[in-house]
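Tertiary structure, described
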Amino acid sequence: MAETERDPRTIELREPPVLAPGHSFASVTDKIGGIVLSRRTPRAWMAGFAVSFLLVMILQVAIAYLLARGVGIWGIGIPVGWGFAIVNFVWWIGIGHAGTLISAILLLMHQEWRTSINRFAEAMTLFAVACAGMFPLLHLGRPWYFYWLFPYPSTMGVWPQFRSPLVWDVFAVSTYATVSFMFWFVGLIPDLASLRDQARHWFPRGIYGMLAMGWRGSAIHWRRYEDAYRLLAGIATPLVVSVHSVVSLDFAVAILPGWHSTIFPPYFVAGAIYSGFAMVLTLAIPLRAVYHLEDFITPRHLQNMAKVLLATGLIVAYGYFMEALMAWYSGNRYEQFMMVNRVLGPYAWVFWAVMATNVLAVQACWSRRVRSSVPALFAVAMLVNVGMWLERFMIIVVGLHRDFLPSSWGMYYPTIWDWATLFGSIGLFLFLMILFVRLLPAISIFELRQLVAKPEYARSKT
Amino acid sequence: MTQKDARNKTWRSLDELAGTAEFQRFLEAEFPEPASGGTDPVSRRDLLKVMGASLTLAGMTACRTPAEKIVPYVRAPEDLVPGKPLFFATAMPMGGFAKGLLVESHLGRPTKVEGNPEHPASLGATDVFGQASVLTLYDPDRSQVVTRVGRLSSWMTFLAALNVAREEQHLKKGAGLRLLTGTVTSPTLAEQIRSLLAEFSSAKWHQFEPVSRDHARAGAHVAFGQDVNTIYRFDQAQVILDLEADFLGWGPANLRYVRDFTAGRRVGQGPVAMNRLYVVESCPSITGSMADHRLGLRAGEVESFARKVAQRLGVQDASPGSPGPHDQFAEAVARDLAQHRGASLVVAGDQQPPVVHALAHAINHTLGAEGRTVIHTDPVEAMPVDQMQSLRELVGDMQAGRVDLLVIVGGNPVFTAPRDLAFAEQLSKVKLRVHLGLYEDETSALCHWHIPEAHFLESWSDARAFDGTVTILQPLIAPLYGGRSAHELLAALAGKASLSGHDIVRDYWEKHGRWKIFEESWQVALHDGLVAGTRLPPKRVALRAGFLKESLPAQKPGRGLEIAFRPDPTIWDGSFANNGWLQEMPKPLTKLTWDNAALVSPATAQRLGLHNEAVVELRYRGASVRAPVWIMPGHADDSVTVQLGYGRTRAGRVGTGAGFNAYLLRTADEPWFSAGLEIRRTGDRYSLVSTQHHFSMESRNLIRAGTLGEFQKNPRFAQQVEESPPPGLTLYPGHPQEGYAWGMAIDLNACIGCGACVLACQAENNIPVVGKREAGRGRSMHWIRVDRYYEGPPEDPAIFHQPVPCMHCENAPCEVVCPVGATVHGSEGLNEMIYNRCVGTRYCSNNCPYKVRRFNFFEFADWTTPSLKAQRNPNVTVRSRGVMEKCTYCVQRINAAKIEAEKEDRKVRDGEIVTACQAVCPAQAIVFGDLSDPNSRLARLKADPRNYALLAGLNTRPRTTYLARLRNPNPEIRG
Amino acid sequence: MAQLFHRSANTIARASILGAVLALAVTGGMLWALYRSGYQTEVGVPRQQPVPFSHKHHAGGMGIDCRYCHTSVENSSYAGLPPTETCMSCHSLIWADAPVLEPVRASFRTGEPLQWTRVYRLPDFVYFDHSIHVNKGVGCSTCHGRVDQMPLTWRANTLLMEWCLECHRQPEHFVRPREYVFQMDWNPPADQLSLGRRLVAQYNIRKLTDCYTCHR
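Small disclaimer: the values here were computed from a predicted structure and weren't measured. (Residues numbered from 1 in each chain as written. Chains lettered and ligands numbered in written order. Predicted model: local features only at pLDDT ≥ 70, side-chain atom pairs only at ≥ 80, totals over all residues. Heavy atoms only, no water.)

In this section: the overall build of chain C. Helix and strand counts for chain C come out as 10 helices and 1 strand. Traced from its N-terminal end to its C-terminal end, chain C shows the element sequence α-α-α-α-α-α-β-α-α-α-α. The globule rule puts the C-alpha radius of gyration for 216 residues at 17 Å, and the 25 Å found for chain C is more than 25% above it. Taken across its 216 residues, chain C has 38% of its residues classed as buried. If you take every contact in chain C between residues at least 6 apart in sequence, the share linking residues at least 24 apart comes to 67%. With the model as given, the accessible surface of chain C reaches about 12000 Å², and the carbon-plus-sulfur share is 64%. (Helix = DSSP H or I, 4+ residues; strand = E, 2+ residues; numbered from the N terminus. Rg over C-alpha atoms; globule rule 2.2 N^0.38 Å. Buried < 20%, exposed > 50% of the residue type's maximum accessible area, 1.4 Å probe, protein only. Contact = heavy atoms within 4.5 Å. Areas by Shrake-Rupley, 256 points an atom, 1.4 Å probe, with all protein chains shown as cover.)

So, on to the overall build of chain B. Each helix and strand counted, chain B has 33 helices and 39 strands in total. At 28 Å, chain B has a C-alpha radius of gyration in line with the 30 Å of a compact globule built from 975 residues. On the principal axes, the C-alpha backbone points of chain B span a range of 85 × 75 × 65 Å. The long-range share in chain B, meaning contacts at least 24 apart out of those at least 6 apart in sequence, stands at 75%. Surface exposure of chain B reaches about 32000 Å², of which carbon and sulfur atoms provide 54%.

This part takes up the interface of chain B and chain A. Taken residue by residue, the interface counts 56 residues in chain B and 55 residues in chain A. Counting each side, the surface lost to burial between chain B and chain A is near 4600 Å², with a carbon and sulfur contribution of 56%. Of all residues in chain B, Arg700(B), Tyr843(B) and Arg881(B) give up the largest surface area on contact with chain A, accounting jointly for 17% of the area buried on that side. Where chain B meets chain A, there are 1 salt bridge. Where Lys851(B) meets Asp403(A), a salt bridge forms, and the shortest distance between an N and an O atom there is 2.8 Å. Secondary-structure elements contributing two or more residues to the side of chain B that touches chain A are β30 (785-791), α28 (813-817), α29 (843-846) and β34 (854-855) of chain B. (Buried area = accessible area lost by both parts, 1.4 Å probe. Salt bridge = Lys/Arg side-chain N within 4 Å of Asp/Glu carboxyl O.)

So, on to the domain arrangement of chain C. Structurally, chain C comprises domain 1 (8-35), domain 2 (55-81 + 120-214) and domain 3 (84-115). For domain 1 of chain C and domain 2 of chain C, the distance between their C-alpha centres works out to 42 Å. (Domains from an automatic or database assignment.)

Excluding glycine, most residues fall at negative phi; most peptide bonds, likewise, are trans. A cis amide bond links Ile78(A) with the next residue in sequence, Pro79(A), at an omega value of 10 degrees. On the secondary structure map, Pro79(A) appears in the loop between α3 (43-69) and α4 (84-95). A positive phi angle is found at Trp594(B), which is not glycine, with a value near 65 degrees. Note on placement: Trp594(B) falls in the loop between β21 (592-593) and β22 (598-600). Since its relative accessible area comes to 10%, Trp594(B) is described here as buried.

Between chain B and chain C, the contact holds 54 residues from the first and 46 residues from the second. Summed over both partners, the interface of chain B with chain C comes to about 4600 Å²; 49% of that surface belongs to carbon and sulfur atoms. Linking chain B with chain C are 6 salt bridges, by the criterion used here. At the junction of chain B with chain C, the criterion picks out 23 residue pairs in polar contact (both at pLDDT 80 or more). Those elements that provide at least two residues to the side of chain B that touches chain C are α4 (41-50), β1 (69-70), β33 (831-833) and α31 (891-903) of chain B. (Polar contact = N/O pair within 3.5 Å; in protein donor to acceptor, adjacent residues only side chain to side chain.)

Core analysis: the biggest nonpolar cluster contains 307 residues, and Phe120(A), Trp259(A), Phe393(A), Ile396(A) and Phe436(A) have the highest contact counts within it. Residue contributions to this core peak at 17 residues, all from helix α10 (residues 264-291) of chain A. Not counting the four nearest positions on each side in its chain, Phe393(A) is found in contact with Phe84(A), Val87(A), Tyr347(A), Val350(A), Val398(A) and Tyr412(A). Formed by 39 residues, the second largest nonpolar core is a distinct cluster that contains Val239(B), Ala310(B), Leu313(B) and Val346(B). (Core = buried A, V, L, I, M, F, W, Y, C linked by side-chain atoms within 4.5 Å.)

Take the pairing of strand β9 (residues 229-232) of chain B next. Residues and elements named next belong to chain B. On β9, burial covers both faces: Asn229 and Ile231 on one face and Thr230 and Tyr232 on the other are all buried. Bridge count for β9 against strand β14 (residues 374-377) is 4 bridges, and the pairing is antiparallel. The residue bridging Ile231 from the neighbouring strand is Ile375, located in β14. (Pairing = 2+ DSSP bridges.)

Residue and element names in this part refer to chain A. Most of helix α5 (residues 98-108) is tucked away, with 10 of its 11 residues classed as buried. Within the sequence span of α5, burial applies to Ala98, Gly99, Thr100, Leu101, Ile102, Ser103, Ala104, Ile105, Leu106 and Leu107. If you follow the buried residues of α5, they end up packed against α4, α6 (115-138), α7 (165-198), α9 (219-252) and α10. His110, located one to two residues past α5, shows a positive phi value of around 55 degrees.

A few words on the packing of helix α11 (residues 302-312) of chain B against helix α12 (residues 327-339) of chain B. Residue and element names in this part refer to chain B. It is at 9 Å that the axes of α11 and α12 come closest, and there the two elements cross at 50 degrees. In terms of orientation, α11 and α12 fall into the oblique class. Judged by the twist between their axes, the crossing of α11 over α12 is right-handed. Here Phe305, Lys308, Val309 and Arg312 of α11 come into contact with α12, specifically with Asp327, Phe329, Ala330, Glu331, Ala334 and Leu337. Looking at side-chain class alone, the contact of α11 with α12 contains 6 nonpolar, no polar and 4 charged residues. (Axes fitted to C-alpha atoms, helices over the stretch in contact; angles between N-to-C directions. Parallel < 35°, antiparallel > 145°, perpendicular 65-115°, else oblique. Left-handed = near helix turned anticlockwise from the far one by under 90°. Nonpolar A, V, L, I, M, F, W, Y, C, P; charged D, E, K, R; others polar.)

Residues and elements named next belong to chain B. Spatial ordering of the open sheet is given by β12-β11-β10-β13, a layout of 4 strands whose pairing is parallel. Where the open sheet ends on each side, the last strands, each with one partner, are β12 (293-296) and β13 (344-348). Ignoring which end each strand starts from, the neighbouring axes of this sheet average 10 degrees apart. As paired strands, strand β10 (residues 239-243) and β13 are joined by 5 bridges and run parallel to one another. The residue bridging Leu241 from the neighbouring strand is Val346, located in β13. Where α12 meets the sheet, it contacts β10, β11 (276-281), β12 and β13, and its direction lies at approximately 140 degrees from that of β11. Sitting on the sheet, helix α13 (residues 354-366) touches β10 and β13, and the angle it makes with β13 is about 170 degrees.

Another point: the side chain of Asn831(B). Examined against the element boundaries, Asn831(B) turns out to sit in strand β33. Looking at Asn831(B), its side chain comes within polar contact range of the side chain of Glu815(B), at 2.8 Å. When near neighbours in sequence (up to four residues on either side) are disregarded, Asn831(B) contacts Cys806(B), His808(B), Ala812(B), Cys814(B), Glu815(B), Thr823(B), Val824(B), Arg853(B), Lys886(B) and Tyr212(C).

Here's what the structure looks like:
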């Protein structure tokens with residue numbers, strides 16, 4: 001690669017660039033489009049596909065057995081009426097936040113480094129929300145009546161009970177799913193078009209052609225496109241905040257010590273973004289390795305994400321601290337006991353694990369060396385993923401297992417089916433993700449083109 | 001329909017009804033021989049339809065409903081209005097003694113048992129066994145055919161075989177004929193046996209009960225030189241000393257005693273007085289949990305304590321022995337007893353040796369208790385005998401080969417007989433062995449003939465209560481499984497097989513009833529559930545001079561551990577082992593279900609390095625069993641208590657294999673306790689399921705208790721420990737209150753923690769049994785539970801009981817979180833749970849601070865077993881998988897009463913609605929009623945200064961509230 | 001390169017989007033209708049019976065009172081189905097040997113009950129009490145329709161919960177004076193509302209919309 005001339009603008013930028021120098025429109029299109037169309041499928045992809053497919057099959061069995069026997073196959077009981085199912089739900093919904101955040105908010109804030117990660121971040125959002133949406137249904141005692149949660153003119157002459165946060169969830173999650181999908185799809189259109197044009201075989205051409213909805217890239221198309229995209233971004237932005245706030249209300253509205261807390265909405269949103277970015281990292285790092293996309297997903301991206309991780313991590317830590325503080329400050333016997341039980345009770349290990357992963361591990365990101373070391377970042381991201389799952393476990397299970405009457409205290413022991421559904425859902429997520437990178441451009445081609453067009457990258461052409 | 005107006009209106013004798021051929025046919029049609037339609041679900045369904053039980057298949061609205069048949073009568077039985085239950089009076093015999101019942105019957109199906117208010121041993125209450133009896137009636141595991149050495153046979157074949165044997169016996173005057181029964185109080189049965197013995201002059205009659213009252217009887221012999229039945233008047237007593245007598249827990253009169261005892265502890269407004277109870281016992285009992293002072297002593301040390309008290313009260317020859325650690329206590333007790341001459345009494349437990357009973361009699365004598373707090377009568381039993389001795393003789397005869405024909409009428413001696421008698425082996429020496437029993441059990445396995453026994457709800461009989469009052473038992477239903485009653489078997493033995501149970505009982509009373517107009521008195525007796533004027537008159541008995549000289553004080557209880565045997569609080573001597581309700585009911589103090597355990601004190605456990613669920617080997621007199629350990633706070637040190645009745649090998653699908661068999665350690669000479677037990681740790685672990693894991697209140701004022709003194713100083717002490725927010729402190733609009741305002745008050749000062757309410761609720765509300773594993777996962781379905789807390793040092797804690805039903809909060813946390821409105825607030829203040837709307841999010845349970853909601857994690861209800869369907873209450877939905885359920889304040893009873901009232905254009909009267917838990921409670925601790933009526937009993941209780949709400953600080957404003965517990969300690973004794 | 005799609009593809013695309021929206025709306029509407037249709041609710045579907053019993057003849061023609069056969073309707077939750085002997089009380093004399101009545105006579109002889117086909121069926125989690133409705137002035141025909149004009153009985157109303165609620169929410173629209181409860185041809189007067197209001201007050205009918213009124 002030819003060395004770049006000394007140029008004031010490039011010298012200013014001390015971090016690595018968001019796009020490795022030396023790329024032209026064609027090179028970008030080939031490199032990314034090629035993944036889908038021409039290049040042969042790498043072994044890693046095959047392996048990943050096999051594993052995730054297996055997990056999906058396990059999920060299928062678990063669900064079949066669940067519907068046949070009832071939720072009793074899980075470890076739940078009284079007092080712990082919600083177990084893995086709801087933990088997973090909150091966890092996935094949380095993960096589903098990074099995508100829209102990156103795409104919408106960073107777009108509106110003109111963060112150009114978003115371009116090469118937003119596409120698969122959005123896909124991730126969709127798939128995470130799909131996994132999440134599965135659980136509220138499955139955890140019902142009578143899942144076949146789930147539709148009673150929707151307001152429709154039933155022959156019973158009754159309506160849902162709108163004071164219940166679960167009803168709010170229905171709207172929040174479904175809206176979020178719809179908008180994220182629209183956003184993702186609209187974003188895809190120009191790339192679908194270029195895939196259509198690149199494709200040689202008639203079949204992919206047909207498919208991509210249909211999906212491209214007759215996009216010809218004319219000026220008017222572009223103008224409408226821009227409007228639509230920004231409009232959707234505008235709609236999506238508040239959702240990022242609203243969805244997880246509503247989810248957090250499932251707990252905040254209840255009177256249970258450890259649930260009934262006003263700090264939950266912001267604290268959950270931060271947690272969501274935190275886990276979201278962790279997941280983006282966990283996906284981006286292998287992706288760029290497998291498909292050699294180091295040019296597009298540069299250290300710059302990784303570093304920025306590490307910074308976001310650190311920032312949200314600190315907010316989450318603050319949330320933990322406030323919970324403890326309020327428990328003490330409230331002077332409420334039950335609140336105080338809840339906190340003591342969390343830290344020293346039978347589930348103390350969960351609490352300390354959460355501290356280690358969500359609070360301590362991420363502090364490593366203060367150091368530039370960690371931020372620029374790919375393996376280190378991957379490790380941190382993984383820890384945060386686990387940590388955030390445990391955090392939900394801590395809130396839900398540990399909150400429930402010892403509440404007001406000592407006579408009805410109990411423990412929660414997950415069964416094999418709990419684990420099967422958890423890993424099954426992870427499998428489903430990976431399965432969809434893996435199909436996505438194979439069938440659709442995992443990185444936005446046209447947006448990279450726009451970058452290439454920008455002078456500081458353009459001038460570095462050979 | 002509440003039992004009160006039931007008695008006024010529809011409660012009449014079944015006699016003539018059963019007489020009509022139509023009714024008989026109806027019963028047959030309804031419960032055919034299991035071989036035929038009985039097991040065919042279709043015919044079952046049609047039948048349930050005609051019963052108006054609206055037990056139709058739940059159909060999803062989305063698919064067309066299948067065409068259904070409705071089947072009317074051909075000839076309708078008179079006075080039987082479909083959809084309206086009838087109530088019939090009968091009684092439950094247990095250990096021979098009767099407790100009166102009113103049984104609710106829906107078109108010929110007995111579904112629920114209530115106590116008979118007229119009956120002296122019931123006063124309207126029942127115990128757990130009474131409640132569960134209706135389940136045993138329908139138990140599909142009951143034996144259903146006559147079997148000969150395990151092969152199907154018939155009653156006729158049996159009669160043929162029996163006649164052959166009879167002829168043989170006639171030749172030798174019945175020298176080889178033996179009859180083994182339990183305790184017999186039934187005048188009819190006694191008469192039958194007498195005439196049988198007259199026919200076979202050399203035949204012998206033996207009686208044996210594993211939980212016998214031999215020692216009480218022997219004690220009376222020592223003291224009075226004759227058989228005397230002793231009745232205690234706890235309502236008259238101000239000071240009570242209990243020498244290991246769990247008089248609230250079991251015995252023929254326990255329900256009566258509970259009522260009397262708690263009556264002596266009620267404190268209303270005005271002058272407050274309370275009786276004082278001292279309990280000396282080895283293993284904490286519910287009586288001990290009510291004690292004002294409880295002293296944990298090994299069973300073997302109770303005697304010396306009794307002697308000390310006796311001596312201080314001036315009983316001759318009490319020979320108290322050397323001073324001991326508890327002398328001050330004895331001193332104080334004695335003084336207290338003496339200060340209340342004539343209003344104090346001492347009661348000794350059946351498992352204490354005769355001499356302790358004798359001492360108790362002596363003390364009561366010196367206290368001038370006779371005629372006041374203690375009443376003597378002639379024995380209630382038809383023939384009082386030393387049953388252990390009686391069994392010993394029988395075994396002796398069997399061993400000597402003197403027995404050709406042994407007829408075992410009820411009972412399960414092979415399982416329950418003391419180990420050292422080797423009953424089973426000797427039984428094999430008998431030529432012809434006949435067993436009449438409800439189940440094909442351990443005994444019938446070793447008998448030639450097994451005859452299915454008719455349940456007491458299926459048969460005619462009679463029995464006496466603890467005070468001699470006779471009840472005539474009438475069947476609620478024709479025998480489901482073609483069982484025969486003891487009377488019918490005895491008649492067959494006497495060669496009168498043609499006689500029906502009805503004829504036999506009726507004939508007896510025609511002869512011996514001494515009634516002017518038989519028919520009328522007969523009807524009255526059946527209607528009232530007791531025969532007037534059969535109560536035994538009080539009798540003056542004189543103490544034998546210097547009887548205590550003969551009975552020298554027992555030498556110091558032997559070294560080493562002591563083992564004590566107790567009947568199990570829920571499955572008794574093992575005869576209820578196959579009853580799912582009783583198996584699943586948490587034991588009052590340990591809260592264990594589905595198992596028994598070796599109970600030891602914390603100190604002893606520590607000394608021996610034992611922990612809960614550790615399996616130990618109990619070695620005692622050459623026998624040994626493996627048993628899991630359960631640590632019992634308040635238990636006497638160096639003593640191990642085991643409950644009898646578990647470890648059945650042929651109980652049925654429910655009972656077989658649960659727990660360990662303590663009978664394997666029991667010996668005839670020391671049936672109740674003795675030293676010389678060795679414990680060996682095995683290192684194994686056996687999982688026991690307890691429904692309550694945490695026994696401390698964590699200083700949360702859940703149960704508020706004070707002493708009588710504190711209460712007099714500050715009546716409102718209970719309300720001041722936690723302030724409750726002012727009304728209206730909620731974001732949501734209040735609920736419009738119209739008409740009645742239902743509520744409940746539970747008096748913790750009366751509640752003895754027996755758990756009868758738990759079973760009454762289960763029977764009334766079709767609550768399923770989930771089994772040990774599910775119970776272990778926190779999935780028991782009981783709508784009302786009795787929480788038990790300890791306070792103070794583990795070696796001698798204060799013990800508290802708290803029944804917890806749904807609180808029916810006015811600001812119910814469950815209501816706001818249900819997404820589909822399946823739990824909502826009713827205009828009369830009920831928190832309504834609508835099963836058919838529930839989708840099963842379990843959010844309501846998570847948000848319920850009282851954790852009273854129960855969830856159907858699986859299809860817990862049995863939708864297939866036909867006989868169990870017949871037991872169900874037709875007015876309560878049978879819940880299916882995936883829905884939440886909980887206490888409804890027995891809304892079916894509320895609605896029934898409201899409808900009756902509205903038809904008569906009046907308001908529901910106070911006390912007209914009685915919830916199942918309230919009806920059953922022997923202590924009358926639970927009161928349900930209308931808060932909007934200021935004069936209702938409930939409203940007055942709510943105004944009581946002791947009234948407080950559980951977790952009031954949460955502003956849930958529960959409709960169920962509690963009245964604080966009071967204790968009345970003796971100022972002379974600290975701690 | 002050649003165009004993939006013809007221009008018309010655009011129109012097709014637009015049309016299909018519109019069509020999807022319409023299709024959704026239509027299915028919704030059809031479901032709404034289906035659940036309330038006679039197919040689902042069996043309203044107006046005469047049921048075949050072992051004996052072609054005609055209410056039209058007995059109640060209408062002969063003018064036999066409902067309570068003659070449905071004896072417990074006034075004092076029990078269950079209206080009561082006549083036992084065979086009730087039929088025979090007349091038909092041992094009239095039509096004593098009519099072939100259609102053979103099943104009835106057979107039942108009387110053998111003691112085998114007649115098996116009628118159920119017309120009015122409520123799910124088993126609904127607890128309906130005839131006696132209180134009758135006592136509060138809800139006429140037979142209000143729910144069961146003009147039974148006196150039914151040769152074979154059919155369901156006159158949907159029995160859907162929303163139908164029950166119509167009356168439970170506003171009884172004044174439906175109640176009639178007690179004395180007319182069993183009168184089949186009673187028609188609500190023009191001033192039903194004012195009459196209803198008066199009766200509601202007089203009979204002290206409360207709007208019974210608590211769930212526990214019917215569900216337990």
